[in-house]
Structure formats: C-alpha cells, structure tokens
Amino acid sequence: MSLKAGIVGLPNVGKSTLFNAITKKQILAANYPFATIEPNVGIVIVPDTRLDYLVKLYNPKSVVPTTYEFIDIAGLVSGASTGEGLGNKFLSHIREVDAIVHVVRCFDDENITHVEGKTDPIRDVEIINTELALADLEIVENRLGKLEKKAETTKDKEAVKEVSILKRIKEGLEQNIPIRLLDFTEDELLLIKNFNFITAKKVIYLANVSEEVAELGDNDYTLQLKSYTEKENSSVIVMCAQLESELASLEDEERDLFLKEVGITSSGLDKLIFATYDLLGLATFFTSGADECRAWTFKKGMKAPECAGLIHSDFERGFIKAEVMSFTDLENAGSELKVKENGRLRLEGKDYLMEDGDIVYFRFNV
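Reading guide: rules and limits
- Along every chain, residues carry numbers that run from 1 in the direction the sequence is written.
- At least 70 in pLDDT is required for a residue's local features to be given in this predicted model, at least 80 for side-chain atom pairs to be given and counted, and no such filter applies to totals for whole chains, interfaces and linings, which use all residues.
- For the side-chain quantities, the full set of heavy atoms in the structure was used; hydrogens and water were omitted.
- For two strands to be treated as a pair, DSSP must find at least two bridges joining them.
- Helix and strand assignments come from DSSP, with helices taken as H or I runs of at least 4 residues and strands as E runs of at least 2, each series counted from the N terminus.
- Between the N-to-C directions of two axes lies an angle of 0 to 180 degrees, each axis being a line fitted to C-alpha atoms and, for a helix, fitted only over the stretch in contact.
- Throughout, a contact is declared for two residues whenever any of their heavy atoms are within 4.5 Å.
- The salt bridge definition used is simple: a Lys or Arg side-chain nitrogen within 4 Å of an Asp or Glu carboxyl oxygen.
- Summary of the burial criterion: residues with accessible area below 20% of their type's maximum are buried, those above 50% are exposed, and those between are partly exposed, where the area comes from a 1.4 Å probe applied to protein chains only.

Chemist: Can you walk me through the sheet that holds strand β6 (residues 202–208) in this structure?
Modeler: The six strands lie next to each other as β2-β4-β1-β5-β6-β7, forming an open sheet whose pairing is mixed. Strands at the two margins of the open sheet, each flanked by one partner only, are β2 (40–45) and β7 (236–239). Here the strands of the sheet are splayed against their neighbours by 25° on average, with no regard to which way each runs. In the sheet, β6 pairs with β7 via four bridges, with the strands oriented parallel. Each bridged residue has a counterpart across the sheet, and for A207 the counterpart in β7 is V238. Together, β5 (99–105), β6 and β7 form the strand contacts of helix α8 (residues 220–229), whose direction differs from that of β7 by roughly 165°.

Chemist: What is the right way to read the pattern of salt bridges from this model?
Modeler: Think of it this way: side chains of opposite charge can pair up when their charged atoms draw near. Counted under the stated rule, the structure contains 18 salt bridges. Residues E188 and R168 are paired through a salt bridge, measuring 2.9 Å at the closest nitrogen-oxygen approach. In this pair, E188 is assigned in helix α6 (residues 186–192) and R168 in helix α5 (residues 157–174), connecting sequence segments 20 residues apart. Under the relative-accessibility criterion, R168 is labelled partly exposed at 32%. Notably, a salt bridge pairs R344 with D329, separated by 3.1 Å at the nearest N-O pair. Separated by 15 residues along the polypeptide, R344 in the loop between α15 (336–341) and β11 (346–348) and D329 in helix α14 (residues 327–333) bring together distant segments of the chain.

Chemist: Honestly, helix α1 (residues 15–23) in this entry has me stumped. Any pointers?
Modeler: With nine of nine residues buried, α1 is to be regarded as a mostly interior element. Buried residues of α1: K15, S16, T17, L18, F19, N20, A21, I22 and T23, and no others.

Written as structure tokens, this is what we have:
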C-alpha cells in the first residue's frame, strides 16, 4: 500500500529539519520562509523488531520492511488559501497525502525568525487550520454552485444527497470545524472521498522543542498545545527536531547509547513513525521464508483475501485458504515446526480478519 504523511506548519518551525531526520537525507533547511518550494519526498522504514527476529530465524536472501512516504510541504502563512506565500501550490500538495503531521514551534530562539513575531503555539495552529478550512470551503462552495440548481430542478436522488452533505460540511467549516470531526456514514464518506478534502485527513501534532525540554518532556508551550488538541482528540508528540536530525547521522548503537545517557527512553522519530502509522489505522502481516522476509502494511479490518491482493491481484482472485501463525506463537516456539507441533498453525478462510503480527502463506488457484 502506498501511504503518505505530509509535514505542514508555518515557515521556520522545523519542518525541513524534521524531514532531514526522518529520511536521513540532507535537504535545504534555511532560516528564512519558503526555503522549501517543491515538496521533498522521503521513504520511511517503519521500525519493527518482529521483522528483525524473522530475518535471524530464516536468514533470507531478501528483506523488505514496511514503508510509507513522508512529504515535507513548504511553510504556509496567513492568507495561503487565497494564494499568499505561494499558498495554493502548497495546499495542492497537502491534498495528496493520507495524514498530516502538523509541526508547531514550541521554543523561543531570537536567532530563528518567527513569521508572526513571537512564539504562540495556539495562534500558529489556528492560522494553519483556518487556511486549510478556507481551502476546503472554496471547493465546497464551487461544487454547490454547480449542483444545487440541478438538485432542485431534477430531484435527482444522488444530487440531492450530495448537496445535503456538502451543506453540512459548509456549515461546519464556517464554524472552523474540520471535516474529520463531523459524523458521516460509510456511504457519505465514500461520496466525499474524491474531493480530497484537507480537513478530512487525520492529524497528529508535533511540538518542536529545544533539546533541554525534550529531555524533560514538556514546557508551557507543549502543555498549551496538548490542552488545545484534546478537543479534537488529536495526539501531540513532543520532540526536538534538531536533536533528532543530529541523532539520525549516528549508527544505531551510538544513537541508543546517547539516548540512554541523556535519559530519553526512545527516539522521538520512532514515536512519530509509530503514531502516524497507528493514526491511519494500519497494521502489519509478514511473509517469511528462505527467499524473502517481508512486512506488508494493511488496514485494520481487512480480510485474508484482501490482504492476499496486496501481494498480487491473482492471490485475491484465486484465494483458497491462508496458512496463519501469529508472531507471538512463532517467537515462543522458536521454529515453524514447533508451532505446528503445538497445534498453533491455522487454516483460515475468506472471512478471516487479519491481525497485526500474522505470518501468512496464501494458497490460491487461478
């Protein structure tokens, strides 16, 4: 599955520095607005110790971890929805992502320019959220302008239904309520899917702090942000993007040792990666053997044939059965043979709901 998370925020809040750390790439991270003009794209590996275990067990010729894209989108400013600061171009990039990482500046530094004059995380969040809502509102109003007359004159059921949904969205956006906080049925969600509404996308907030605060966990700014985001049930990850960028250049052992020395239990990047992965409702199953150990991303709630289709469409079309064992059972037993002897290898049919950590061999016939 091709999945994308977009990094957004005001200029100079640490987006490009964060992106450097995530992808271990060195891109332009300058102290002036719009250092990033075209979106930078990086493939991110989702850390998974289970795959490491399988590699040691099978010693395969090939290893393929699960991944998704992080996209660094240039800084938005007040007025972006009307084109201010190249806003329209940047907003179009955000429409293409599956989830949003909203970076918020939660540190003071007189050497780093703040486009609004001083640090104020709530104001900054509201500037971005307002611009995203206005961008969606424009699309809604344009569509209603074309559809309302048709719905009134023809009484076409689909048109009437779409108008009703769009009016509800319009009312919400005018009150600065993002689409993701409105209630929709599955059919309604399907109907609005093609609009690629920005405020319909799930959001995680990243509080970018100084190194000292990262070690402590919070400051006044992060506490304000956490209180604010509680109303939309969104998570806040606190990290120092600059520190993470420096850590990204170290070998894993050096990094782990440094984190231990400064009293940080786990990398902020790992927390962000897991949080965004979970935010999208994703899980992982594995295929393992001497040729290849591979992690596959799937959406929670998918059945075995759908997951088989992620490997190849023929697997789904000709699905017969799935041989399944859980990673926990394999780890406890120590080998596939022991799993079988323990009676923990299962044959599952078309209605089987895949679970995170399943190790699967799909039987199919086309």
